[in-house]
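The chain contents come next:
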Amino acid sequence: MNNKAYKPTIGIETHVQLKTKTKLFAAVGNDARSAGPNSLISHICAGLPGALPVLNREAVAICVRAAFALGTKPQKFSKFERKHYFYPDLPKGYQITQYEDPIISGGQVVVTTGGKEKTIGIERAHLEEDAGKNTHPPGTDYSLVDLNRAGTPLLEIVSRPDIGSPAEAKAYARELYLLMKYAGVTDGDLYHGHIRFDLNVSVSDNPQKPGIRTEIKNLNSFRSVEAAAQFEIKRQTEILAGGGKVIQETRGWDEAKQKTLPQRAKEEAEDYRYMPEPDVPPLELDESFVEEARSKMPLLPGDIRRQLMKLEVTPQVIEDILDRQSIVRPVMDVLEVAGAKDARRAAFWLISADPADENIEGNLEPEVDSGRLVGLSKMIDDGKLNSSAAKKVFDKMLSSPETPDKIAEKLNLLQVSDEKKLEKNVDDVISKNPAVAEDIIAGQTKAIGFLVGQVMAATKGQANPALVQEIIKRRLGV
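Residues numbered from 1 in each chain as written. Predicted model: local features only at pLDDT ≥ 70, side-chain atom pairs only at ≥ 80, totals over all residues. Heavy atoms only, no water.

S.K.: Hey, could you run me through the side chain of H194 in this one?
M.R.: You can see H194 is positioned in the loop between α2 (166-182) and β11 (195-204). Not counting residues within four places of it along the chain, the set of residues in contact with H194 comprises H15, V16, Q17, R33, T186, D187, G188 and D189. (Helix = DSSP H or I, 4+ residues; strand = E, 2+ residues; numbered from the N terminus. Contact = heavy atoms within 4.5 Å.)

S.K.: When you look at the sheet that holds strand β4 (residues 94-97) in this model, what are you seeing that I'm missing?
M.R.: Across a sheet, paired strands are connected by hydrogen bonds in the backbone, their directions being either parallel or antiparallel. The three strands lie next to each other as β4-β3-β15, forming an open sheet whose pairing is antiparallel. The sheet is open, and its two borders are formed by β4 and β15 (275-276), each paired with just one other strand. When strand β3 (residues 81-84) meets β15, the two strands line up antiparallel, connected through two bridges. The residue bridging E81 from the neighbouring strand is P276, located in β15. (Pairing = 2+ DSSP bridges.)

S.K.: Before we go on, may I ask you to explain unusual backbone geometry in this structure?
M.R.: With the exception of glycine, the majority of residues adopt a negative phi angle, and the majority of peptide bonds are in the trans configuration. In the Ramachandran plot, N38 falls in the positive-phi region, its phi being about 55° despite a non-glycine side chain. By the element assignment, N38 lies in the loop between β1 (7-17) and α1 (57-69). Non-glycine residue R273 carries a positive phi angle of around 50°. Here R273 shows up in the loop between β14 (259-265) and β15.

S.K.: When you look at the pairing of strand β12 (residues 214-219) in this model, what are you seeing that I'm missing?
M.R.: Two faces belong to every sheet, and in a regular strand the side chains alternate between them. Strand direction decides the pairing type here: β11 and β12, joined by four bridges, are antiparallel. Looking across to β12, one finds that F197 is bridged to L219. Pairing between β12 and strand β13 (residues 249-254): three bridges, direction parallel. Across the sheet, residue E215 finds its bridge partner in β13, namely T250. Read from β12 through helix α3 (residues 222-241) to β13, the crossover connection turns out left-handed. (Right-handed = clockwise from strand over helix to strand, strands pointing away.)

S.K.: Which parts of the structure should I look at to understand the pattern of salt bridges?
M.R.: Pairs can form between side chains of opposite charge whenever their charged atoms are close. Scanning all chains against the criterion turns up 41 salt bridges. Between K118 and E168 there is a salt bridge, and its shortest N-O distance comes to 2.9 Å. With K118 in strand β7 (residues 116-129) and E168 in helix α2, this pair connects stretches of sequence that are 50 residues apart. Its relative accessible area of 28% is what places K118 among the partly exposed residues. Between K217 and E215 there is a salt bridge, and its shortest N-O distance comes to 3.9 Å. Accessibility expressed as a relative area gives 22% for K217, which makes it partly exposed. Ionic contacts of the salt-bridge type, sharing partners, join the residues K19, D31, R33, D187 and D189 into one network. (Salt bridge = Lys/Arg side-chain N within 4 Å of Asp/Glu carboxyl O. Buried < 20%, exposed > 50% of the residue type's maximum accessible area, 1.4 Å probe, protein only.)

Here it is, written out as structure tokens:
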């Protein structure tokens, strides 16, 4: 073993499934999540002789939005090639992709780790079709091929090797995911592989020269990206420190064992025998097409973060809001209409709402209009609800269209603010706790909280605590 310092270098290739209704070159449904095997295929997907692909215009428009999300512009000219390889899930024997002239060149993703910002460069992003999927039934000696995914439009985004740690790799993967989701490029369903990350990792004792890289394929979570990078850096460092050599290869990630495993020798570009795609003409974008896509660009995560800073919450709370895209708009609407205090309450209510809650129809994200959120927040300010009762009203709002005051009334949660009733409760509590009352009169005002608690218990939490405290002070002359 030696004492050299080893520097890791990481680049990430990200396959982003585009949010189109149909496939890249065929008028076949693009969402296979609930479809039976081989139910979303055509002669084009199956690569039958004579099948001619026709480029999906919407996929191109989405790529233009992706370019803007990456801080660059789309290339006015791009073209397609055939990339040859022979797998059971690729009937044509080649994939239609972009190689020499991709639709996006350059760009950047800004990440924050350890409180510091870093810009990760984008080398390129190219439009291509996906292959099908092989499945291996347990306990059998055969594989099955499902071509539903064949022809699905993908944007492969290739970062520059600017990532220097597993934490940066995770931050980059998450930020790119947010950019693509908020730009409307993808649904972002990580579970079904709508975004997949391939890591290229190398380790070297020469800071100016990266080492031999290995590629870890098909990671579909930010946690896996970080863990795979950590393992691979450690594995390569141990090999080099022991005097060995790292082999350039493709490796897979075993989530259960938390380790990478060898799969095959790493292919080079010449192995794919790229050739011009004769059936798909070059793609030339005019300015009006590009400007139309630009005009439809929504707010991106960076813009949203800057606005949410007005809530005066921690950066982690802002990230929690961003992680739940459906709650961003209502929070920002409340912020605009009612201000930071009401928006802050709305944000915490919405963050706490579990999409799997039985009250949320279809186990989807909660949908509560901003007007009712403002109304609920004002009920706290007006002394009609305490914070715990307001949360109960909010939970009911997820499944009820009624106003918050109607819900609070039905649930018997409205605070008692009738002074005469509360004066009687206060008198009863003081009479039962004379020693505490004496302590308060003697100057131990913290003991007021005990008496307030006793009144709250007596009224089953429905007393207005601020008013109760005021009555206690008045009664005891403090």
